[in-house]
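# Topology and contacts: notes
If you want the building blocks of each chain, they are given just below.
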Amino acid sequence: MTRRLAEVAKKVGVSEATVSRVLNGKPGVSEPTRQAVLSALDVLGYERPTQLRGERARLVGLVLPELQNPIFPAFAEVIGGALAQLGLTPVLCTQTKGGVSEADYVDLLLQQQVSGVVFAGGLYAQADAPHDHYRRLAERNIPVVLVNASIDDLGFPGVSCDDAVAVEQAWRHLASLGHERIGLVLGPDDHMPSARKLAAARTMGELPDEHVARAMFSIEGGHAAASRLIDRGVTGIICASDPLALGAIRAARRKGLGVPEQVSVVGYDDSAFMNCTEPPLTTVRQPIEAMGRAAVELLNAQIGGGSVAAEELLFEPELVVRGSTAQAPRP
């Protein structure tokens, strides 16, 4: 007990006597100090006293599907910074293969009595994945915000980059360069953002099924999928992420084809260092700063007891033209 008092006191910058008064429910402690002590207990992994467990911590879960794709650390930086400005402490939960699952993280966050959860990518975007843990959050009235397209029936507010506009921008760009055989490298069949991109692409021009390739979201997945498209004569490839696009460039080069001389490639996200690749990647930029701050505003409104509609806010992407696209090769 003495060690716990000392650790919490050091974390908050108050005396052990002050911490003791908070833990025992004694008067004489300001509300900001009391909340700081309770948050320190949560961060240090100590259980709150029984009489204080009914109060939500000033912690917010930030659940990410991975950190290898640079877009997710970028979202984490924006969302974490915006939460900190509101006096909320982000708890980063990152999934790894064979490690802690998204559902396990939700159980852990519920035990910590978090004030809310932001999901920046996850199983909510996959129609065939298990979703029971989201319903547990809803049943307990935990504020939740989803970043980017989700399945329809979860009932949470969200912020998304407009997938349809992203594909329209990329398609028009390639078409303006003379590409007629345009193909898509997308995520799995049940991936909602990919489904939106595909639906938009089908309105833009001729898109035979053999010009659509599915892949896991990785460089290796992009390589395999793009290799199939190139074998089918595609000269312009639109990818559902920047790592997929880097894989597509690698696939073209392994076949002895130049990028962009013979194959043009467009990514999606404009994540870190895409202007430093060879060639620099033409991509569609997600407005990460605006989306991340909007997600935190929606969450904070719910935490404050406000009524927030279970609607999706759509943000406009921006085509960033660099060196991976050029005029279509002449027959």
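Now for a quick tour of the structure. (Residues numbered from 1 in each chain as written. Predicted model: local features only at pLDDT ≥ 70, side-chain atom pairs only at ≥ 80, totals over all residues. Heavy atoms only, no water.)

## Details of empty space enclosed by the protein
Note the following rule: Of the two site types, the cavity is a set of points on a 1 Å grid over the protein atoms alone where a 1.4 Å probe fits but cannot get out, and the pocket is an open set with protein on both sides within 12 Å along at least five of seven lines, each lined by residues with an atom within 4 Å of a point. Grid points are joined across faces, edges and corners, and a volume is the space filled by probe spheres set on the points. In this description a helix means any DSSP run of H or I spanning at least four residues, a strand means any run of E spanning at least two, and both kinds are numbered starting from the N terminus. Gly is placed with the polar residues, together with every amino acid not listed as nonpolar (Ala, Val, Leu, Ile, Met, Phe, Trp, Tyr, Cys and Pro) or charged (Asp, Glu, Lys and Arg).
According to the stated counting rule, one finds one cavity of 30 Å³ or more in the structure shown. A volume near 40 Å³ is recorded for the largest cavity. Around the largest cavity, the lining residues are A166, V167, A170, K197, I238, C239, G267, Y268 and V284. Those elements that place two or more of their residues in the lining of the largest cavity are α7 (163-176), β8 (236-239) and β9 (264-269). Classifying every residue of the lining of the largest cavity gives seven nonpolar, one polar and one charged.

## Observations concerning helix α8 (residues 192-202)
What counts here: With a 1.4 Å probe rolled over the protein chains alone, any residue whose accessible area is under 20% of its type maximum counts as buried; one over 50% counts as exposed, and the rest are partly exposed. We call two residues contacting when some pair of their heavy atoms lies within 4.5 Å.
Here α8 has its buried residues at M192, P193, S194, K197, L198, A200 and A201. Where α8 is buried, its residues contact α7, β6 (182-186), β7 (212-214) and β9.

## Comments concerning the nonpolar core
Heads up, the rule is: To qualify as a nonpolar core, a set must consist of buried Ala, Val, Leu, Ile, Met, Phe, Trp, Tyr and Cys residues joined through side-chain atoms within 4.5 Å.
In this structure, V117, F119, L137, V147, V185, I237 and V265 are the most contacted members of the largest nonpolar core, which totals 89 residues. The dominant element in this core, judged by the number of residues it contributes, is helix α4 (residues 71-85), at eight residues. Residues within four places of V117 in sequence aside, it is in contact with V60, G61, V63, L109, L137, I142, P143, V144, V145 and L299. Counting residues in hydrophobic clusters, the runner-up holds 10 residues, among them L5, A9, L23 and L38.

## Quick notes on the sheet that holds strand β12 (residues 318-320)
Using the following cut-off: Should DSSP find at least two bridges between two strands, the strands are taken to pair. As a rule, the C-alpha atoms of each element are fitted with a line to give its axis, helices using only the stretch in contact, and angles between N-to-C directions run from 0 to 180 degrees.
Pairing within the open sheet is mixed, and its six strands lie in the order β7-β6-β8-β9-β10-β12. With partners counted over all chains shown, the strands left at the sheet margins are β7 and β12, one partner each. On average, each strand axis in the sheet is tilted by 20° relative to the strand beside it, whichever way the strands run. The sheet contact formed by β9 and strand β10 (residues 282-285) spans four bridges and is parallel. Counterpart to Y268 in the pairing with β10 is V284.

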